[in-house]
Amino acid sequence: MAERTVVIVGMTGSMGLQSLEVIKKLGSFDVLAGTYHENRNSAEKLAREFGVKKVLCTKDGYDDLLRLLEEHRPDVTLICIPGFVSLQITLKALETSKRVLLASKEALVCGGWLVREAKEKGGCELIPLDSEHSALMQIYEPEVEKVMLTSSGGALRDWNIEDLDRAKPEDVLKHPVWRMGKRITIDSATMVNKGFEVLEACELFKLSANQVEVLIHREGLVHAAVFLKDGTIKMHLGFPDMKIPIAYGLTYPKRNYENKSWPDLIGTPLKFERVDEKRYPAFYLAYEIEKDYAKRTAYNAADEVCVEAFLQNRIKFTHIAKVIERVVEKIEGKPRDFEDLKSIDEESRRIAKEVIECL
Ligand code: MG
């Protein structure tokens, strides 16, 4: 069987790295190219180790990558970079690839309708790599009444709410369940990440936000559930290991990846808790802005600016939600295309910085 060609956008990050490991284990893939942003040494080392044919730097922009996608038209493109910038690449990948594996939720949060249109136009498959959405895809049925996504609650889930003001980046970067990049680890503690995931689920499965429930599940074994009309609940369980959704996305509809280790169900009580509105105000904002792509773009942009400021100790942890709320409130508009979203993104960043200055 001919090898399937793959391009990995964001090869040196946590998802990119795990993708390379899965690809190596599966065999039968030919990695045409991988991109990196800053980490040149690591990218070159990975390329040698995993036989990646070409390494592209994206620090000065994504033109080379867009050209490469156009020229090579890969079988599979994996998009594993955070941020608004992932939207443009996702749109191009949907136009040029047979299958897109999407780890970047921002593309759907900001430009969900553009992604859906590009997918239909290109006839490309779009498979989520987010663990909860991969789980949903595996158990989904058309008769779904509502779905449930789980959340760990992030690194500060057991802190007193009054102490959250004092949380430092090093406290927040200790994620209780998953090992991930810095931004998503901070986003887990504010649960902005889960707000993104609610919107992501709406786009992928054509649901409205009130059909997407989120519960805190500390064990990290249940990733998602679907509630069916006849009283059935189907849950998806497994160890928290991103390699499983990556392998599923690469081999779908087959399951060629071997990993025979399952959670021990004896002595593992599964517990679920509601998401506390006081602890996670930025999460609940996602439900209010579901139908408004301008505000959704602002939600993401303000969060990107806040996470960076928090990591540099310029704002407090609790400021993140406040700044996002203020920016989302101010941004209005009816974006029609990518260019409109881009100016909303830029405007939101500018306002976020202003709000931070005035804190
Ligand atoms: Mg997730």
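What counts, and at which threshold
Residues numbered from 1 in each chain as written. Predicted model: local features only at pLDDT ≥ 70, side-chain atom pairs only at ≥ 80, totals over all residues. Heavy atoms only, no water. Helix = DSSP H or I, 4+ residues; strand = E, 2+ residues; numbered from the N terminus. Rg over C-alpha atoms; globule rule 2.2 N^0.38 Å. Buried < 20%, exposed > 50% of the residue type's maximum accessible area, 1.4 Å probe, protein only. Contact = heavy atoms within 4.5 Å. Areas by Shrake-Rupley, 256 points an atom, 1.4 Å probe, with all protein chains shown as cover. Lys, Arg positive; Asp, Glu negative; His and termini not counted. Charge placed at Lys NZ, Arg CZ, Asp CG, Glu CD. Salt bridge = Lys/Arg side-chain N within 4 Å of Asp/Glu carboxyl O. Pairing = 2+ DSSP bridges. Right-handed = clockwise from strand over helix to strand, strands pointing away. Axes fitted to C-alpha atoms, helices over the stretch in contact; angles between N-to-C directions. Parallel < 35°, antiparallel > 145°, perpendicular 65-115°, else oblique. Left-handed = near helix turned anticlockwise from the far one by under 90°. Nonpolar A, V, L, I, M, F, W, Y, C, P; charged D, E, K, R; others polar. Expected span 1.5 Å × (residues − 1).

Q: A description of the overall build of the protein chain should follow, citing residues and the corresponding values.
A: Summing up its helical and strand segments, the protein chain has 14 helices and ten strands in all. For the protein chain, the C-alpha radius of gyration of 20 Å lies close to 21 Å, the compact-globule estimate for 359 residues. Counting every position in the protein chain, which comprises 359 residues, the buried fraction comes to 56%. The contacts in the protein chain between residues at least 6 apart in sequence include a share of 70% that link residues at least 24 apart. Total accessible area computed for the protein chain in this model is approximately 16,800 Å², and 48% of it derives from carbon and sulfur atoms. Treating the 53 positive side-chain charges of the protein chain as one cloud and the 58 negative ones as another, the clouds have centres 3 Å apart.

Q: Lay out the pattern of salt bridges in plain terms, naming residues and giving numbers.
A: For the structure shown, the criterion picks out 34 salt bridges. Between Asp 30 and Lys 53 there is a salt bridge, with the nearest N and O atoms lying 2.9 Å from each other. Of the two residues, Asp 30 is situated in strand β2 (residues 29-36) and Lys 53 in the loop between α2 (40-50) and β3 (54-57); the sequence distance between them amounts to 23 residues. Residue Lys 53 is classed as exposed on the basis of its relative accessible area, which comes to 60%. A salt bridge links Asp 345 to Arg 349; the shortest N-O distance between them is 3.0 Å. Of this pair, Asp 345 and Arg 349 are both found in helix α14 (residues 338-357), four residues apart, which corresponds to roughly one turn of the helix. Asp 345 sits in the buried class, given a relative accessible area of 7%. Taken together, the salt bridges that share partners define one network made up of Glu 106, Arg 183, Asp 187, Asp 303, Glu 304, Asp 345 and Arg 349.

Q: Go over the pairing of strand β5 (residues 99-102) with me, naming the residues and quoting the values.
A: Both faces of β5 are covered, namely the face carrying Arg 99 and Leu 101 and the face carrying Val 100 and Leu 102. Pairing of β5 with strand β6 (residues 125-128), which is carried by four bridges, proceeds in the parallel orientation. Across the sheet, Arg 99 pairs through a bridge with Glu 125, a residue of β6. Handedness of the crossover joining β5 and β6 through helix α5 (residues 105-122): right-handed.

Q: Tell me what's going on with the packing of helix α6 (residues 131-139) against helix α9 (residues 192-205), and back it up with residues and numbers.
A: What describes two packed helices is the angle between their axes and the distance between those same axes. Packing of α6 against α9 leaves a shortest axis separation of 10 Å and a crossing angle of 30°. For the element pair α6 / α9, the angle class is roughly parallel. Once α6 is placed against α9, the crossing between them reads as right-handed. Facing α6, whose interface residues are Glu 132, His 133, Leu 136 and Met 137, α9 presents Lys 194, Glu 197, Glu 200, Ala 201, Leu 204 and Phe 205. For the contact of α6 with α9, the class distribution of residues is five nonpolar, one polar and four charged.

Q: Lay out helix α4 (residues 85-96) with the relevant residues and their values.
A: Compared with the 16 Å implied by 1.5 Å per residue over twelve residues, the 18 Å span of α4 between its first and last C-alpha is a close match. With nine of its twelve residues buried, α4 lies for the most part within the structure. Along α4, the residues classified as buried are Ser 86, Leu 87, Ile 89, Thr 90, Leu 91, Lys 92, Ala 93, Leu 94 and Thr 96.

Q: Talk me through the sheet that holds β6; I want residue IDs and the actual numbers.
A: One open sheet accounts for six strands, arranged β3-β2-β1-β4-β5-β6; its pairing is parallel. Because the sheet does not close on itself, it has two edges, and the strands there are β3 and β6. The sheet shows a mean angle of 20° between the axes of neighbouring strands, direction not considered. Sheet strands touched by helix α1 (residues 14-26): β1 (4-9), β2 and β4 (76-79). Its angle to β1, the strand with the most contacts, is close to 165°.

Q: Can you break down α14 residue by residue, with the values?
A: Under the 1.5 Å per step criterion, the end-to-end length of α14 is 29 Å for 20 residues, consistent within 8% with the ideal 28 Å. Of all the positions in α14, only Phe 338, Asp 340, Leu 341, Ile 344, Asp 345, Ser 348, Arg 349, Ile 351, Ala 352, Val 355 and Ile 356 are classed as buried. The inward-facing, buried residues of α14 abut α4, α5, α12 (293-311) and α13 (317-330).

Q: Quick one: what's the story with the pairing of strand β10 (residues 233-237), residue by residue and with numbers?
A: In the sheet, strand β9 (residues 222-228) pairs with β10 via five bridges, with the strands oriented antiparallel. Across the sheet, Val 226 pairs through a bridge with Lys 234, a residue of β10. Between the antiparallel neighbours β9 and β10 lie four residues, among them Gly 231 with a positive phi of about 95°.

Q: Explain the sheet that holds strand β8 (residues 212-216) to me, using residue names and the numbers behind them.
A: With mixed pairing, four strands are arranged side by side in an open sheet as β8-β7-β9-β10. Edge positions in the open sheet fall to β8 and β10, since each of these has one partner strand only. Strand after strand, the sheet turns through a mean of 20° between neighbouring axes, direction not considered. Note that strand β7 (residues 144-151) and β9 share five bridges and pair antiparallel. Directly across from Leu 149, in β9, lies its bridge partner Ala 224. Contacts from α6 reach β7, β9 and β10 within the one sheet, and its direction differs from that of β9 by about 40°.

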